[in-house]
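# Chains, contacts and geometry: an overview
Here is what each chain is made of, one letter per residue.
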Amino acid sequence: MKRYLLHLLLAINSLLPIISYPQAWNIGNTSITFSDPDRSNRSIPTQIFYPANTGGTNVPVADGQFQVIVFGHGFVMVYSAYQFLWETLVPLGYIVALPTTEGSLSPDHLSLGLDLRFLVNKLKSEGENPSSIFNGHIADSAAIMGHSMGGGAAFLAVENFDGVSAMITFAAAETNPSAIQAAQNISVPTLVFSGSNDCVTPPPDHQIPMYNNLASPCKTFISITGGGHCYFADYNFNCAFGEAFCSPSPSISRDQQHNIILSHLIHYLDFQLKGDQLSWITFNNLLNNPSGITSNQECNINLLDLKVFLEGPFNGTGMNTDLTNNPELVEGFPINQPYHSAPWNYPGTESITAKPTGLVDWVLIELRDAPDAASANSSTIVQRKATLLFQDGTIKGIDQQPYLLIDAEISNNLFVVIRHRNHLPVLSAQPLTGVDGLFSFDFTSELDNIYGGENAITQLSGGYLGMVAGDLDANGEINQDDKDFLWSQNAGSTGYLQSDTNLDGQADNPDKNEFWLLNKNKTQQFPE
């Protein structure tokens, strides 16, 4: 957490020198000329910088798998102009590949774009090539980035291409064919940087229409106040010469511009490529508390911070984990989500490879988009997810990141329903509100938070609230059928059972007497 706070403080003061980030790896480098068989064996000479235990040329790649970033250079610019980027990103665990094609005065923009796309696929295949230096070292996620001409070519590369997790461009230039038009066919998360004092590719004619045309469900535009075109790179004579003949000139220093770029870029990459949720919160905090930038964001990607208790396994301060920590008693705890059958009929493929510490059970989350809670019926569902409930009441995704990642488009207000196999479901009474992309809601403490109030929830010890146990057939009613058709059939059995209301791995009298009988005739309170 200290590292994220440090990044935030550094970004706020744009007068500081370029940020120095902790370096976990040294920088190795190699030069490889690849050949694309789909384009008449086109040669693509590429400079690659990668994490290594000892820096140098052709040294072994460090242990681990690393995300790939393929970068397109600007018009008549060389790969070395982007040293500030690879010197920052490689030590943080990224492989940066820079093709050196299309460096002439008459470049083919589409060819550069296809080179960028090809290198993403090629480096992924190198990760499975026993004779490659990168064998076993390439992670699944990748990004395409580019500056100026290379930024426009990045649009051409990512058009109708799902091989990357994100695209990031710096002062992207319109290309032939049109990057502006290509944006309509791009659906990956995209971050567009521009400089307000860019006189080479003025934002109204280049980056802004590109951004506006993007079909991405999550797109962000950052304009660096006073930023110039060439300051998205290290000093390069060709770029500086061209920029000298137009105005306005940059009103901040190159170091200041690099500082702003990196303070946003690193958090963006760490989330989009590595799944680091705290980085997404920090990135959005920087947008919402800007220093040296203006920004716009249209994004369906958000995080849910939810807390709920189940009455059955509640033990006074949290919930028991008998289903997951007692393999002798409980056999068959599902590694695949258990809500595929009626009445849930959820087709999701969520699964886990191992039971994490503190896991209580699977729950099913519904996101509803409605003007108010009373209107949030099943017709307003925009997303469902099977997720994991932990003993402290927190809900996490199968990746076990701190929060639950959602990507639903909300046009009214966001409400959430939580369902469990044998507890009555609950609905948030108020819409969830987000701060820096994080939406929080607590079902354990305030009656006003639960639609239906005291009729929808049960009072637990310690002043907590919990979902009502005993709805064994999950039809929204606790009635005689739950006992006669489910509990009676399983009484005396052990395992992962619908009739096990206290989730101790056994269907026995406590399940019937302490929960079903106590809660008989209670019903779900929210509209279905």
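Structural notes, computed from the coordinates. The model shown is predicted, which means the values in this text are computed figures rather than measured ones.

For the rest of this paragraph, the subject is the packing of helix α8 (residues 254-272) against helix α9 (residues 277-288). At a minimum axis separation of 7 Å, α8 and α9 run at an interaxial angle of 145 degrees. In the packing of α8 onto α9, the handedness of the crossing is left-handed. On the side of α8, the interface is formed by Ser263, His264, His267, Tyr268, Asp270, Phe271 and Gln272, while α9 contributes Gln277, Ser279, Trp280, Thr282, Phe283, Leu286 and Leu287. In terms of residue class, the contact of α8 with α9 is made up of six nonpolar, seven polar and one charged.

A few words now on the sheet that holds strand β14 (residues 395-396). If you trace the five strands from one edge of the open sheet to the other, you get β14-β13-β12-β16-β17, paired in antiparallel fashion. Two strands bound the open sheet, and with one partner strand each, they are β14 and β17 (423-427).

Leaving glycine aside, a negative phi is the common case for residues, and trans is the common case for peptide bonds. Pro177 follows Asn176 through a cis peptide bond whose omega is 5 degrees. Along the chain, Pro177 falls in the loop between β7 (166-170) and α5 (179-182). In the Ramachandran plot, Gln400 falls in the positive-phi region, its phi being about 60 degrees despite a non-glycine side chain. When you line up the elements, Gln400 lands in the loop between β14 and β15 (404-406).

Quick look at the pairing of strand β2 (residues 42-52) now. Along β2, nine of the eleven residues are buried, which leaves the element largely enclosed by surrounding structure. Of the pairings in the sheet, the one linking strand β1 (residues 26-36) to β2 comprises eleven bridges and is antiparallel in character. Looking at the pairing, Ser31 lines up with Gln47 of β2. Hairpin connection, β1 to β2: the antiparallel pair is bridged by five residues, and Ser40 has positive phi, about 55 degrees. Sheet topology places β2 next to strand β5 (residues 94-99); four bridges connect them, and they run antiparallel.

Within the secondary structure, Asn502 sits in the loop between α11 (480-490) and α12 (509-519). The buried category is assigned to Asn502, whose relative accessible area is 13%. When sequence neighbours within four positions are dropped, the list of residues in contact with Asn502 reads Gly312, Pro313, Pro510, Asp511 and Phe515.

Quick look at the pattern of salt bridges now. Under the defined criterion, the tally for this structure stands at 13 salt bridges. Between Arg39 and Asp36 there is a salt bridge, and its shortest N-O distance comes to 2.7 Å. For the pair Arg39 and Asp36, a shared accessibility class is recorded, and that class is buried. In this structure, the salt-bridge partner of Arg42 is Glu102, at a minimum N-O distance of 2.9 Å. Here Arg42 is found in strand β2, whereas its partner Glu102 is found in the loop between β5 and α3 (109-126), with 60 residues between them in sequence.

Rules used throughout
Residues numbered from 1 in each chain as written. Predicted model: local features only at pLDDT ≥ 70, side-chain atom pairs only at ≥ 80, totals over all residues. Heavy atoms only, no water. Axes fitted to C-alpha atoms, helices over the stretch in contact; angles between N-to-C directions. Helix = DSSP H or I, 4+ residues; strand = E, 2+ residues; numbered from the N terminus. Left-handed = near helix turned anticlockwise from the far one by under 90°. Contact = heavy atoms within 4.5 Å. Nonpolar A, V, L, I, M, F, W, Y, C, P; charged D, E, K, R; others polar. Pairing = 2+ DSSP bridges. Buried < 20%, exposed > 50% of the residue type's maximum accessible area, 1.4 Å probe, protein only. Salt bridge = Lys/Arg side-chain N within 4 Å of Asp/Glu carboxyl O.

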